[in-house]
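Structural features, examined
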Amino acid sequence: MRVALVCADRGVPLGGPKGCSIHVREVARSMLLQEHDVAACVASLGDERDVTVLRRIGLDVHVIEPEESAAGIKRTLAVLGPDLVLERLALGASHGAEACRALEIPHVYEVNAPLDQEASEYRGLRDPDRAREAFQQAFAQSNGAVAVSDEVAAWVRSLAPLAYPVRVVPNGVGSQFYEPIDPASSARARSALGPRGGVRIVFAGSFRPWHDLHTLLQAVALLRTPRPVQVVLLGDGPMREEIAAEARRVGVWTTFPGVVPHHDVPAYLRASDIAAVTYAREDAYFSPLKLAEAMACGLAVVASATGPCARAISHERNGLLVPPGDVAALAGELQRLVCDGRLRGDLGAEARRGVLERGTWDHAVSEILRFGQSFASRRAAR
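Let us look at the structure shown here. What you see is a predicted model, and the numbers here were worked out from it, not measured in a lab. Residue indices begin from 1 for each chain and proceed along its sequence in written order. Selection of residues for local features in this predicted model requires a pLDDT of at least 70, selection of side-chain atom pairs for listing and counting requires 80 or more, and totals for whole chains, interfaces and linings are taken over all residues. Side-chain numbers come from the whole structure's heavy atoms, not from hydrogens or water.

**Regarding the overall build of the protein**
In terms of helices and strands, the protein carries 16 helices and 13 strands. Each radius of gyration is computed over the set of C-alpha atoms, and the globule rule expresses the reference value as 2.2 Å times the number of residues to the power 0.38. For the protein, whose C-alpha radius of gyration is 21 Å, the value lies close to the compact-globule estimate of 21 Å for 382 residues. Along the longest, intermediate and shortest principal axes, the C-alpha atoms of the protein span 70 × 45 × 35 Å. Expressed as a percentage of the 382 residues in the protein, the buried residues total 54%. Contact criterion: two residues are considered in contact whenever any of their non-hydrogen atoms come within 4.5 Å of each other. Long-range pairs, those at least 24 residues apart, make up 69% of the contacts in the protein between residues at least 6 apart in sequence. Put simply, DSSP marks the helices as runs of H or I at least four residues long and the strands as runs of E at least two long, and each gets a number from the N terminus on. The buried label goes to any residue with under 20% of its type's maximum accessible area, the exposed label to any with over 50%, and the partly exposed label to all in between, with areas taken from a 1.4 Å probe on protein chains only.

**What to know about the side chain of Arg88**
If you trace the backbone, Arg88 turns up in strand β4 (residues 84–88). The class of Arg88 is buried, set by a relative accessible area of 12%. Beyond its immediate sequence surroundings of up to four residues, Arg88 is in contact with Val6, Cys7, Val12, Cys20, His23, Val24, Glu110 and Asn112.

**Quick look at the sheet that holds strand β9 (residues 229–234)**
Strand order in the open sheet formed by six strands is β10-β9-β8-β11-β12-β13, with parallel pairing between adjacent strands. What marks the edges here is a single partner per strand, and that holds for β10 (253–258) and β13 (320–322). Put simply, the sheet's adjacent strands are angled 25° from each other on average, direction ignored. Note that strand β11 (residues 274–277) and strand β12 (residues 300–304) share four bridges and pair parallel. Two strands make a pair as long as DSSP finds a minimum of two bridges between them. Each axis is a line fitted through C-alpha atoms, and for a helix only the stretch in contact is used; angles between axes span 0 to 180 degrees, taken between their N-to-C directions.

**Some points on the layout of surface pockets**
Buried and open spaces are told apart on a 1 Å grid over the protein atoms alone, a cavity being a set of points where a 1.4 Å probe fits but cannot get out and a pocket being an open set with protein on both sides within 12 Å along at least five of seven lines. Residues with an atom within 4 Å of a point are the lining residues. Grid points are joined across faces, edges and corners, and a volume is the space filled by probe spheres set on the points. Approximately 1400 Å³ is the volume attributed to the largest pocket. Residue lining of the largest pocket: 48 residues in total, with Lys18, Gly19, Cys20, Ser206 and Trp210 positioned closest to the centre. If you list the elements that add at least two residues to the lining of the largest pocket, you get α1 (19–33), β5 (107–111), α5 (115–122) and α12 (289–296). For the lining of the largest pocket, a count of residues per class yields 25 nonpolar, 13 polar and ten charged. Throughout this entry, Asp, Glu, Lys and Arg are counted as charged residues, while Ala, Val, Leu, Ile, Met, Phe, Trp, Tyr, Cys and Pro are counted as nonpolar. The remaining residues, Gly among them, count as polar.

**A look at the environment of Gly341**
As for its position among the elements, Gly341 is in helix α15 (residues 341–358). The class for Gly341 is partly exposed, based on a relative accessible area of 39%. Between the alpha carbons of Gly341 and Val199 there is a distance of 9.7 Å; along the sequence they are 142 residues apart.

**Topic: the nonpolar core**
In plain words, nonpolar cores are sets of buried Ala, Val, Leu, Ile, Met, Phe, Trp, Tyr and Cys residues tied together by side-chain atoms within 4.5 Å. Counting 57 residues, the largest nonpolar core has Tyr109, Val111, Phe139, Val156 and Val301 as its most contacted members. Ranked by size, the runner-up nonpolar core spans 33 residues in total, among them Cys7, Val108, Val169 and Ile368.

**Things to note about the pattern of salt bridges**
We define a salt bridge as a contact between a side-chain nitrogen of Lys or Arg and a carboxyl oxygen of Asp or Glu at a distance within 4 Å. This structure, assessed with the given rule, holds 24 salt bridges. Of the charged contacts in the structure, one is a salt bridge between Asp273 and Arg196, with a shortest N-O distance of 2.9 Å. With Asp273 in the loop between α11 (265–270) and β11 and Arg196 in the loop between α8 (183–193) and β8 (199–204), this pair connects stretches of sequence that are 77 residues apart. Note on Asp273: relative accessible area 17%, which makes it buried. Salt-bridge contacts for Glu350 lead to Arg353; the nearest nitrogen and oxygen are separated by 2.5 Å. Note that Glu350 and Arg353 are positioned in helix α15 at a spacing of three residues, about one turn of the helix.

**Here's the deal with unusual backbone geometry**
Non-glycine residue Glu104 carries a positive phi angle of around 60°. In this structure, Glu104 sits in the loop between α4 (95–103) and β5. Although it is not a glycine, Asp212 adopts a positive phi angle of roughly 55°. With respect to the secondary-structure elements, Asp212 resides in the loop between β8 and α9 (213–221).

Here it is, written out as structure tokens:
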């Protein structure tokens with residue numbers, strides 16, 4: 001199948017360490033490895049090194065202007081001639097769906113968040129009503145949507161036409177997280193983390209309010225264990241200084257390796273013992289890459305019991321769940337894991353087994369393509 005991946009959001013470059021960028025690249029990579037013919041039409045290239053890796057395995061890359069009209073995108077897609085277009089939903093970007101409708105190319109939106117709500121709460125969106133109207137028009141032009149969680153799917157259905165097809169496909173994990181680690185990556189992780197002096201708890205992600213790192217640090221400060229506990233906060237973000245100050249205030253041994261290339265992240269995870277996936281609110285709608293990646297590495301995970309996390313984790317079987325924002329509950333479960341190596345090993349092994357069975361990007365992309373193929377087949381039958 002020839003697939004065009006469209007991303008008209010400048011904030012989601014093809015290359016770089018952001019989770020959204022990793023998502024786009026992993027989908028493209030999995031499609032290419034499944035021997036599909038794939039073109040990426042993106043508004044921003046980002047880190048050329050990541051783009052080069054994909055070009056080497058066959059990705060056809062085109063740069064589009066976000067403000068480009070439906071006619072402009074239509075010209076690009078007409079030249080590419082895809083059997084299916086998978087477009088990452090972006091604020092104010094419905095031109096891809098409009099172009100596909102005109103060309104009679106099956107079009108599927110890939111939706112990661114309720115974008116009007118997210119932008120209103122965290123990015124100061126001034127006219128959410130106008131944004132919702134644009135999404136309604138976009139869904140009306142499209143054949144269907146793939147959503148990363150039930151919560152995101154419900155948001156799509158609230159705006160889309162009646163009976164609009166929506167498939168829920170959670171984010172996956174790339175093979176680098178369950179295959180042998182590159183020795184050079186391991187050496188870089190060891191150098192950044194220092195000698196092992198105790199049990200390591202790792203968080204990998206952006207330092208933003210919804211990740212609730214204050215609760216994590218306060219919970220670790222309550223631990224009473226015979227071995228020291230090191231918290232590794234892998235990533236960066238606007239709250240970095242605030243989080244560093246909180247770590248000093250509560251007296252937690254914290255290491256900040258900063259943002260590392262995605263291909264090095266598995267080494268940092270495997271150099272740790274426990275992964276913390278914390279959220280401030282129960283209604284968080286994210287399908288966390290960090291959760292799937294930690295589970296694939298065989299780490300014992302303690303996560304906030306949001307909908308997506310609770311669907312991925314069966315408490316006491318392949319991880320532990322705690323109420324979002326509950327310092328005492330998080331401290332209690334971390335205490336268990338820090339003191340019980342056997343429990344860590346059992347939870348991590350079961351987590352890894354489950355991800356390998358049904359949580360890889362290959363699995364997710366196969367689901368997406370089966371969904372898209374149904375529209376392509378209908379077009380061919382006409």
